[in-house]
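# Structural description and commentary
Below, each chain spelled out in residue letters.
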Amino acid sequence: MQFNLSGGAIQDQVGPVAVSQQVWNAEPIRPPAAAGAPPVLPFVTWSQQIQLTWIMTSSAPGLPMDNYAFTVPLGTLNWSLYKINAMQYVIE
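Just so it is clear, the structure is predicted and the values come from calculations on it, not from any experiment.

### Notes on the packing of aromatic side chains
- Taken as a whole and judged by the stated rule, the model has three aromatic pairs.
- A centroid spacing of 5.7 Å and a plane angle of 80° characterise the contact between Trp24 and Phe43, whose relative ring orientation is edge-to-face. Taken as a pair, Trp24 in helix α1 (residues 21–26) and Phe43 in the loop between α1 and β3 (44–58) lie far apart in primary sequence, 19 residues in all.
- On the accessibility criterion, Trp24 (11% relative accessible area) is buried.
- Judged by centre distance (5.7 Å) and plane angle (15°), the ring pair of Trp54 and Phe70 falls under stacked. With Trp54 in strand β3 and Phe70 in strand β4 (residues 66–83), this residue pair connects regions lying 16 residues apart in the sequence.
- Relative accessible area serves as the criterion here: at 32%, Trp54 is assigned to the partly exposed category.
- Ring pairs connect the aromatic residues Trp24, Phe43 and Tyr89, which therefore count as one cluster.
- Positioned above the aromatic ring of Trp24, the side-chain terminus of Lys83 is 4.7 Å from the ring centre.

Here is the structure:
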């Protein structure tokens, strides 16, 4: 599923994290740090830059229609994945 607007909210879906069983098994269990504790090294991190783009069409009688693209940056989301046990992970 791609980004879509539903009920006034932007929806997105992230697929499962694909790593080999050997890599997953070698990764130590490192849950996210508790509040005030030193940071924990996540299994993987990534950033997602979000922007909103739309097309507006102008028209006037007797004139050709023109399309104008507008883009507004919405910021960057930073994600970290932590292995919490042998079978599961959490994303923060």
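There's more to say after this.
### Thoughts on the sheet that holds β4
- Spatially, β3-β4-β5 is the arrangement adopted by the three strands of the open sheet, whose pairing is antiparallel. The two strands at the open ends of the sheet, each matched to only one other strand, are β3 and β5 (89–91). Across the sheet, the axes of successive neighbouring strands diverge by a mean angle of 25°, strand direction being ignored.
- One ladder, built from three bridges, connects β4 with β5; its direction is antiparallel. Bridge pairing in β5 places Leu81 opposite Ile91.

Procedures and definitions
- Residues numbered from 1 in each chain as written.
- Predicted model: local features only at pLDDT ≥ 70, side-chain atom pairs only at ≥ 80, totals over all residues.
- Heavy atoms only, no water.
- Phe/Tyr/Trp six-rings, centres within 6.5 Å; stacked < 30°, edge-to-face > 60°.
- Helix = DSSP H or I, 4+ residues; strand = E, 2+ residues; numbered from the N terminus.
- Buried < 20%, exposed > 50% of the residue type's maximum accessible area, 1.4 Å probe, protein only.
- Lys NZ or Arg CZ within 6 Å of the ring centre and 35° of its normal.
- Pairing = 2+ DSSP bridges.
- Axes fitted to C-alpha atoms, helices over the stretch in contact; angles between N-to-C directions.

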